[in-house]
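Analysis of the macromolecular model
Next come the chains, spelled out residue by residue.
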Amino acid sequence: MDFTLSTEEREVRDWVRTFVQKELVPREQEVLRRERDGKPGITSDELTELQLKAKESGFWGVQTPESHGGMGLSAVMTALLEAERKSCFAITEPGAGSDAKAIRTSARKDGTDWIINGEKTFITGGNEADFAMVFAITDPEKGANGGVTCFLVDRDMGWRSEYIDTMGEWGPAALIFEDVRVPETQILGELGHGFDLAMQWIGRGRYLLPARAIGSCERLIQMGIDHANTRSTFGQLIAERQAIQWMIADSGVELEALRWLVLHAAWQVDAGLDSRHAQSVAKLYGGVKANEIVDRILQIHGGMGYTRELPIERWYRELRLLRIYEGTDEIQRRTIARNLLKGHVKVGGSLG
Ligand SMILES: Cc1cc2nc3c(=O)[nH]c(=O)nc-3n(C[C@H](O)[C@H](O)[C@H](O)COP(=O)(O)OP(=O)(O)OC[C@H]3O[C@@H](n4cnc5c(N)ncnc54)[C@H](O)[C@@H]3O)c2cc1C
């Protein structure tokens, strides 16, 4: 069994690490200062500038096919990059989150157009998006079983967004559709097959969430190590204390385990295998462990960990989301338990 990364995979990963060190880390203190003052940590002009730099270096649209201007990278490669999804993907509604089949947003046929009415909520990127992928009921009798369709709806077709204040720094949006007229050409995929499409996308890309947490955890654990190696109490470095060593050790082990779970799920995607179980396992483990790791690193920093002068409390808030979106911990456990109890997946059978 060969676990080594290819030369190309290593080069792309190292390139991203250099980009983060050179372009992002130096901005950290200024971002924290602005957020402490209640301002956005990064302005939209600065974000555009960073995106341009990434584009100039050829690092953009990592999963977009090369024919469409992206990099067309494999899933393993994407997992190594902590790719950030930019799309505004609108399925959740005030009355339909985990139970996505309960959506009520409707699309009614009018000539060759469709008229959309309804409200979506908690939509990541919904405040900034120029268009939304909106899932609406086109056949109420069939509902999620052949009666939900995905529409690509430009903002200038008439929907509006409202910012939702959360404990994170990037607020999602509520999207409001009141008689929004959409031409038939805006249907994505086939009429009535939107729900399957949504489940396929979410199921295929779930590994990206814990993949992103790996980057945060690497940085956090390094901060914990650096602090433990410089902070003394009672005449001794805290790194010499077993209580601190165990926190570092557990965090290091869990980070390694998470990395392999994510890469295994990504490998299954690249190999064209059914990766749904592996993705749920990686998402659940990543959400739970990233939250335990950030809590330990905050603890190692004592009072300073609790301040907004260090980025730890920010991660503490941001990583909490991982246990909620794209399927809560409870929903992942439900999927994993169902697969095991019904024999869809054998215990210990992940290698076939
Ligand atoms: C910041 C943020 C960004 C988001 N981005 C997007 C986005 O871009 N697009 C989008 O469409 N959605 C998005 N969401 C929505 C997100 O996917 C939902 O919030 C999530 O699926 C949970 O749904 P809910 O909030 O309605 O909770 P509910 O479904 O009401 O669940 C409430 C609680 O009950 C538990 N529960 C529910 N059903 C079961 C069950 N059968 N067994 C055991 N426990 C259960 C849940 O785990 C949870 O603990 C986002 C959410 C947030 C907070």
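You'll find the structure just up there.
My aim in this report is to walk through the structure given alongside it, one point at a time. What you see is a predicted model; the values in this text were computed from it and never measured.

Reading the values: the criteria
- Residues numbered from 1 in each chain as written.
- Predicted model: local features only at pLDDT ≥ 70, side-chain atom pairs only at ≥ 80, totals over all residues.
- Heavy atoms only, no water.
- Helix = DSSP H or I, 4+ residues; strand = E, 2+ residues; numbered from the N terminus.
- Rg over C-alpha atoms; globule rule 2.2 N^0.38 Å.
- Buried < 20%, exposed > 50% of the residue type's maximum accessible area, 1.4 Å probe, protein only.
- Contact = heavy atoms within 4.5 Å.
- Pairing = 2+ DSSP bridges.
- Phe/Tyr/Trp six-rings, centres within 6.5 Å; stacked < 30°, edge-to-face > 60°.
- Near = heavy atom within 4 Å.
- Polar contact = N/O pair within 3.5 Å; in protein donor to acceptor, adjacent residues only side chain to side chain.
- Areas by Shrake-Rupley, 256 points an atom, 1.4 Å probe, with all protein chains shown as cover.
- Salt bridge = Lys/Arg side-chain N within 4 Å of Asp/Glu carboxyl O.
- Axes fitted to C-alpha atoms, helices over the stretch in contact; angles between N-to-C directions.
- Parallel < 35°, antiparallel > 145°, perpendicular 65-115°, else oblique.
- Left-handed = near helix turned anticlockwise from the far one by under 90°.
- Nonpolar A, V, L, I, M, F, W, Y, C, P; charged D, E, K, R; others polar.
- Expected span 1.5 Å × (residues − 1).

Take the overall build of the chain next. Secondary structure assignment for the chain yields 11 helices and 10 strands. Against the 2.2 N^0.38 benchmark of 20 Å for 352 residues, the chain shows a C-alpha radius of gyration of 22 Å, consistent with a compact globule. Counting only C-alpha atoms, the chain reaches 80 × 50 × 40 Å along its principal axes. Within the chain, the proportion of its 352 residues that are buried is 44%. If you take every contact in the chain between residues at least 6 apart in sequence, the share linking residues at least 24 apart comes to 68%.

Regular strands have side chains that alternate between both faces of the sheet. Examined bridge by bridge, strand 2 (residues 106-110) and strand 3 (residues 113-123) share five bridges and lie antiparallel to one another. By the bridge assignment for strand 3, Arg 108 is matched with Ile 115. Linkage of strand 2 to strand 3, two consecutive antiparallel strands, is achieved through a turn of two residues, within which Gly 111 is found at a positive phi near 65°. Here eight bridges tie strand 3 to strand 7 (residues 173-183), and the two strands are oriented antiparallel to one another. Looking at strand 7, one finds that Ile 115 is bridged to Arg 181.

Summed over the entire model, instances satisfying the criterion amount to seven aromatic pairs. The rings of Phe 89, Phe 135 and Trp 201 are connected pair by pair, giving a single aromatic cluster.

Further remarks concern the site of the ligand. Around the ligand sit 17 residues in total, of which Phe 89, Thr 92, Ser 98, Thr 328 and Glu 330 are the nearest. At 2.7 Å from a nitrogen atom of the ligand is found a main-chain nitrogen or oxygen belonging to Phe 89. Between Thr 328 and the ligand, the recorded distance is 2.6 Å, taken from a side-chain N or O atom to an oxygen atom. For the ligand, the accessible surface in isolation is 980 Å², of which the surrounding protein chains cover 64%. Of all the secondary structure elements, the ones that give two or more residues to the shell around the ligand are strand 3 and helix 11 (329-341). When residues in the shell around the ligand are grouped by element, the largest group, three residues, is from helix 11.

Moving on, we get to the pattern of salt bridges. Applying the stated criterion across every chain, the model contains 30 salt bridges. Across the pair Lys 120 and Glu 93 runs a salt bridge whose closest N-O atoms are separated by 2.8 Å. Of the two residues, Lys 120 sits in strand 3 while Glu 93 sits in the loop between strand 1 (89-90) and strand 2, which places them 27 residues apart along the sequence. Just as Lys 120 is buried, Glu 93 falls in that class too. One salt-bridge network, held together by shared partners, links Lys 22, Glu 23, Arg 27, Glu 49 and Lys 53.

It is at 12 Å that the axes of helix 6 (residues 208-228) and helix 10 (residues 312-320) come closest, and there the two elements cross at 150°. By the angle class used here, helix 6 and helix 10 are roughly antiparallel. The two elements helix 6 and helix 10 meet at a crossing, and its hand is left-handed. Seen from helix 6, the contacting residues are Ala 213, Ser 216, Arg 219, Leu 220 and Met 223; seen from helix 10, they are Ile 312, Trp 315 and Leu 319. Its residues assigned to classes, the contact of helix 6 with helix 10 comprises six nonpolar, one polar and one charged.

Compared with an ideal rise of 1.5 Å per residue, which puts 29 residues at 42 Å, helix 7 (residues 242-270) spans 42 Å between its outermost C-alpha atoms and is within 8% of the ideal. Two residues or fewer after helix 7 comes Gly 272, characterised by a positive phi angle close to 75°.

On to the environment of Ile 202, then. Checked against the element boundaries, Ile 202 lands in helix 5 (residues 194-205). Contact partners of Ile 202, with chain neighbours within four places excluded, come to Phe 89 and Glu 326.

On the secondary structure map, Arg 34 appears in helix 2 (residues 28-36). On the basis of relative accessible area, Arg 34 is assigned to the buried category, the value being 17%. Side-chain polar atoms of Arg 34 contact the side chain of Glu 46, separated by 2.8 Å. Those residues in contact with Arg 34 that lie beyond four places of it in its chain are Lys 39, Pro 40, Gly 41, Ile 42, Thr 43 and Glu 46.

Our next topic: the packing of helix 6 against helix 7. Closest axis-to-axis distance for the helix 6/helix 7 pair is 10 Å, and the angle between their directions is 160°. Taken together, the axes of helix 6 and helix 7 lie roughly antiparallel to each other. Remark: the crossing between helix 6 and helix 7 carries left-handed chirality. Counted together, Pro 210, Ala 211, Ile 214, Cys 217, Glu 218, Ile 221, Gly 224, Ile 225 and Ala 228 of helix 6 and Ile 244, Ile 248, Ser 251, Gly 252, Leu 255, Leu 258, Arg 259 and Val 262 of helix 7 form the full contact between these two elements. Of the residues belonging to the contact of helix 6 with helix 7, the class tally is 12 nonpolar, three polar and two charged.

On to unusual backbone geometry, then. The backbone of Phe 234 shows a phi angle near 50°, a positive value even though the residue is not glycine. Checked against the element boundaries, Phe 234 lands in the loop between strand 9 (232-233) and strand 10 (236-237).

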